[in-house]
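Descriptive structure summary
Here is how the chains run, residue by residue.
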Amino acid sequence: MILKNLHTENKPVQTQLLFEPKDAKVISLQIAKGETLKEHVSKIPALLVCISGNAVFTDDKGTVVNLNSGNYVMIEENVKHAVKAIDESNFLLMK
């Protein structure tokens, strides 16, 4: 998903609620080129936003999302997932 696509009104300032976490955590995550954040499960929903780089998110449900600057993915609770960095990539993880 692309952040820019959430704002469809012709207004100079727009907001869109993306995520309401149960526990307030925002984590900076960096993955080196060619490395993988190995498969794991989150016990609560999370929002992963790509700040820079190029990576691929996959999960056990068959979801495949290419993550570039401005793209994001909603991570479901109790679904095994992984992230592979094609290039060095930086993310914000909110959960």
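For the chain, the name recorded in an unreviewed UniProt entry is Cupin domain-containing protein, with Flavobacterium hankyongi as its organism.

**Considerations on unusual backbone geometry**
Even without being a glycine, Asn78 presents a positive backbone phi close to 60°. One can find Asn78 in the loop between β6 (72-75) and β7 (81-85). Classification of Asn78 as exposed rests on a relative accessible area of 53%.

**As for the nonpolar core**
Grouped together as the largest cluster of nonpolar side chains are 15 residues, with contacts concentrated most on Leu48, Phe57, Leu67, Val73, Ile75, Val83 and Phe91. Of all elements in the fold, only β1 (26-31), β3 (46-52), β4 (54-59), β5 (64-68), β6, β7 and β8 (89-94) reach the threshold of two or more residues within this core.

**Some details on the pattern of salt bridges**
Within the structure shown, the criterion is met by two salt bridges. Glu9 is paired through a salt bridge with Lys11; the nearest N and O atoms lie 3.6 Å apart. When its relative accessible area of 48% is taken as the criterion, Glu9 is described as partly exposed. Here Lys11 falls in the partly exposed class, since its relative accessible area comes to 45%.

**Let's talk about the sheet that holds β4**
Taken in spatial order, the four strands make up an open sheet running β2-β7-β4-β5, and their pairing is antiparallel. Two strands bound the open sheet, and with one partner strand each, they are β2 (36-40) and β5. Taken pair by pair, the neighbouring strands of this sheet meet at an average axis angle of 15°, ignoring direction. As defined by bridge partners, β4 adjoins β7 across five bridges and the pair is classed as antiparallel. Bridge assignment links Val56 to a residue of β7, and that residue is Lys84.

**Some remarks on the side chain of His81**
Turning to its location among the elements, His81 is positioned in strand β7. At 2.9 Å, the side chain of His81 forms a polar contact with the backbone oxygen of Val79. Sequence-distant contacts of His81, defined by excluding residues within four places in its chain, comprise Lys38, Glu39, His40, Val41, Ser42, Phe57, Thr58, Asp59 and Ile75.

**Examining the sheet that holds β3**
A sheet is described by the order of its strands in space; here four strands give the open sequence β1-β8-β3-β6, paired in antiparallel fashion. Edge positions in the open sheet fall to β1 and β6, since each of these has one partner strand only. Neighbour to neighbour, the strand axes of the sheet diverge by 25° on average, direction disregarded. Pairing of β1 with β8 involves six bridges; the strand directions are antiparallel. Looking at β8, one finds that Ile27 is bridged to Leu93.

Rules used throughout
- Position numbers for residues start from 1 in each chain and track the written sequence from start to end.
- At least 70 in pLDDT is required for a residue's local features to be given in this predicted model, at least 80 for side-chain atom pairs to be given and counted, and no such filter applies to totals for whole chains, interfaces and linings, which use all residues.
- Derived side-chain values reflect all non-hydrogen atoms in the structure, with water molecules and hydrogen atoms excluded from consideration.
- In this text, helices come from DSSP runs of H or I with a minimum length of four residues, and strands from runs of E with a minimum of two, each type numbered from the N-terminal end.
- Burial status follows relative accessibility: with a 1.4 Å probe on protein chains alone, a residue under 20% of its type maximum counts as buried, one over 50% as exposed, and anything between as partly exposed.
- By nonpolar core is meant a set of buried Ala, Val, Leu, Ile, Met, Phe, Trp, Tyr and Cys residues that side-chain atoms within 4.5 Å join together.
- Put simply, a salt bridge is a Lys or Arg side-chain nitrogen that is within 4 Å of an Asp or Glu carboxyl oxygen.
- By definition, two strands form a pair when at least two bridges between them are found by DSSP.
- Angles run from 0 to 180 degrees between N-to-C directions of axes, and those axes are lines fitted to C-alpha atoms, restricted for helices to the stretch in contact.
- Two N or O atoms form a polar contact when they lie within 3.5 Å of each other; inside protein one atom must be a possible hydrogen donor and the other a possible acceptor, and for residues adjacent in sequence the pair counts only when both atoms belong to side chains.
- Should any heavy atoms of two residues lie within 4.5 Å, those residues are counted as being in contact.

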